[in-house]
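This is what each chain is made of:
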Amino acid sequence: SQTIHQWPATLVQPVGSPLSLECTVEGTSNPNLYWYRQAAGRGLQLLFYSVGIGQISSEVPQNLSASRPQDRQFILSSKKLLLSDSGFYLCAWSGGGPQHFGDGTRLSIL
Amino acid sequence: LAKTTQPISMDSYEGQEVNITCSHNNIATNDYITWYQQFPSQGPRFIIQGYKTKVTNEVASLFIPADRKSSTLSLPRVSLSDTAVYYCLVGDYGRGYQKVTFGTGTKLQVIP
């Protein structure tokens, strides 16, 4: 069966520091991959999606970026974090059906 | 992208059947309707998906009228562990990816 892993589960970073969140999927090949952010009490906001290695589409202009160096690996990055980058970050995958989500990373910016 | 409208919150007693309705007036021909459940500090969990009429699985039923402008998620005999936020989404799963929009969902509180 397919599984999705995100890490770390929680992260506390100072303003201006870099960020790297990683997501990997097992048990499937060539998945569609997604990064979402969820603010407290809000719905999910799609940040990036990828249909293949090296193919990234951005939904929201911001200081975040995404990369897909391998088929089942999706990375969310930032060179300099802002206070507004705080939130719950979720990775998801799909294979032509509904999306399936990881357990998320709680990011707090100090 | 089709927009969805759901009640912000609902309360139900344990053991009752809960029906959550979602409006999606602008649903497109190729769109499917999907429901997710989310607990605090966890990712959304897929519950059920349908295109038309009725779909049932081991945890829920999904009722979709002929015009597909709304859908109703039915949870039989809820328990305290069903307290969560429920999201209704519409999206085209026939393409290689899905750009779907998550609204604020319906916060279901199950009362003992």
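In what follows, the structure referred to is the one given above.
We now turn to the structure provided with this report.

Quick notes on the rules
- Residues numbered from 1 in each chain as written.
- Chains lettered and ligands numbered in written order.
- Predicted model: local features only at pLDDT ≥ 70, side-chain atom pairs only at ≥ 80, totals over all residues.
- Heavy atoms only, no water.
- Contact = heavy atoms within 4.5 Å.
- Buried area = accessible area lost by both parts, 1.4 Å probe.
- Polar contact = N/O pair within 3.5 Å; in protein donor to acceptor, adjacent residues only side chain to side chain.
- Helix = DSSP H or I, 4+ residues; strand = E, 2+ residues; numbered from the N terminus.
- Nonpolar A, V, L, I, M, F, W, Y, C, P; charged D, E, K, R; others polar.
- Buried < 20%, exposed > 50% of the residue type's maximum accessible area, 1.4 Å probe, protein only.

### Quick notes on the interface of chain A and chain B
Counting from both sides, the interface comprises 23 residues of chain A and, opposite them, 19 residues of chain B. Both faces considered, chain A and chain B share a buried interface measuring about 1,600 Å² in area, 51% of it formed by carbon and sulfur atoms. Taken together, the connections running from chain A to chain B amount to four residue pairs in polar contact (both at pLDDT 80 or more). Sorting the residues of the side of chain A that touches chain B by element identifies β4 (32-38), β5 (44-52), β9 (87-94) and β10 (100-101) of chain A as the ones contributing at least two each. By residue class, the composition of the side of chain A that touches chain B is ten nonpolar, nine polar and four charged.

### Considering the side chain of Thr24 of chain A
All names here are of chain A. Inspection of the secondary structure puts Thr24 in strand β3 (residues 19-26). By relative accessible area, which is 17% here, Thr24 ends up buried. For Thr24, the residues in contact, after removing those within four places along its chain, are Thr3, Ile4, His5, Trp7, Arg72 and Gln73.

### Description of unusual backbone geometry
All names here are of chain A. Residue Pro8 is reached from Trp7 by a cis peptide bond, and omega for that bond is 0°. Here Pro8 is to be found in the loop between β1 (3-7) and β2 (10-13). One non-glycine residue with positive phi stands out, namely Asn30, at about 50°.

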